[in-house]
Amino acid sequence: QVQLVESGGGLVQPGGSLRLSCAASGMWIRNNALAWYRQAPEKQRELVASITSGGSTNYADSVKERFTISRDNAKNTIYLQMNSLNPEDTAVYYCNVGSSFGGTYVQSGIWGQGTQVTVSS
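Residues numbered from 1 in each chain as written. Predicted model: local features only at pLDDT ≥ 70, side-chain atom pairs only at ≥ 80, totals over all residues. Heavy atoms only, no water.

A. View of the sheet that holds strand 6 (residues 57-59). The mixed open sheet is built from six strands, whose spatial order is 2-12-9-4-5-6. Only two strands of the sheet have a single partner each, and these edge strands are strand 2 (10-12) and strand 6. The mean inter-strand angle of the sheet, taken between neighbouring strand axes irrespective of direction, is 25 degrees. (Pairing = 2+ DSSP bridges. Helix = DSSP H or I, 4+ residues; strand = E, 2+ residues; numbered from the N terminus. Axes fitted to C-alpha atoms, helices over the stretch in contact; angles between N-to-C directions.)

B. Molecular detail of the nonpolar core. Trp36, Phe67, Leu80, Met82 and Tyr93 are the most contacted members of the largest nonpolar core, which totals 27 residues. Broken down by secondary-structure element, the contributors of at least two residues to this core are strand 3 (18-25), strand 4 (34-39), strand 5 (46-51), strand 7 (67-72), strand 8 (77-82), strand 9 (91-97) and strand 12 (115-119). The residues contacting Phe67, other than those within four sequence positions of it, are Arg38, Val48, Tyr59, Leu80, Gln81, Met82, Asn83, Leu85, Asp89 and Tyr93. (Core = buried A, V, L, I, M, F, W, Y, C linked by side-chain atoms within 4.5 Å. Buried < 20%, exposed > 50% of the residue type's maximum accessible area, 1.4 Å probe, protein only. Contact = heavy atoms within 4.5 Å.)

C. The state of the cysteines, seen in detail. Evaluated as defined, the whole model comprises one disulfide. Between Cys22 and Cys95 runs a disulfide, and the two sulfur atoms are separated by 1.9 Å. Because the sign of the S-S torsion sets the handedness, a value of about 40 degrees for the bond joining Cys22 and Cys95 places this disulfide among the right-handed ones. Here Cys95 lies in strand 9 and Cys22 lies in strand 3, a separation of 73 residues in the sequence. (Disulfide = S-S within 2.5 Å.)

D. Representation of the environment of Val97. Inspection of the secondary structure puts Val97 in strand 9. For Val97, a relative accessible area of 3% gives the class buried. Once the C-alpha coordinates of Val97 and Ala33 are considered, the two residues, 64 residues apart in sequence, prove to be 6.5 Å apart. With residues near it in sequence (within four places) discarded, Val97 still touches Leu4, Met27, Ile29, Asn32, Ala33, Leu34, Ser108 and Ile110.

E. The arrangement of the sheet that holds strand 7 in detail. Spatially, 1-3-8-7 is the arrangement adopted by the four strands of the open sheet, whose pairing is antiparallel. The open sheet has two free edges, formed respectively by strand 1 (3-7) and strand 7, since each of these has just one partner strand. Taken over all neighbouring pairs, the strand axes of this sheet differ in orientation by 15 degrees on average, direction set aside. Both strand 1 and strand 3 contribute to a ladder of five bridges, which runs antiparallel. Bridge pairing in strand 3 places Leu4 opposite Ala24.

Just geometry here; none of it tells us what the structure is for.
Set out below in structure tokens:
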């Protein structure tokens, strides 16, 4: 079975950093576009960042210059480096292994279980 497992979340103070990981099993992701989402309480799940098989990235305006998405195909893992965190970044973060349509990221139904990120003093 295809399975995604996120890790690296936790409690961090404002201005701090965290690095999230999402390990995939049951499939090779080297040819897939990948993404990180987040969902805060009483808000809809939103796309944070995506990366294509060729390494092109896109970011939500709210995280540009602070977050970096990357991938390690040999380890079948994707990462999200989060710097300069603020309370508005508090959410459950999910990874998604999407499909490639015209070389761009397209959401699929393959999700991880999520990892909690809490930014608070």
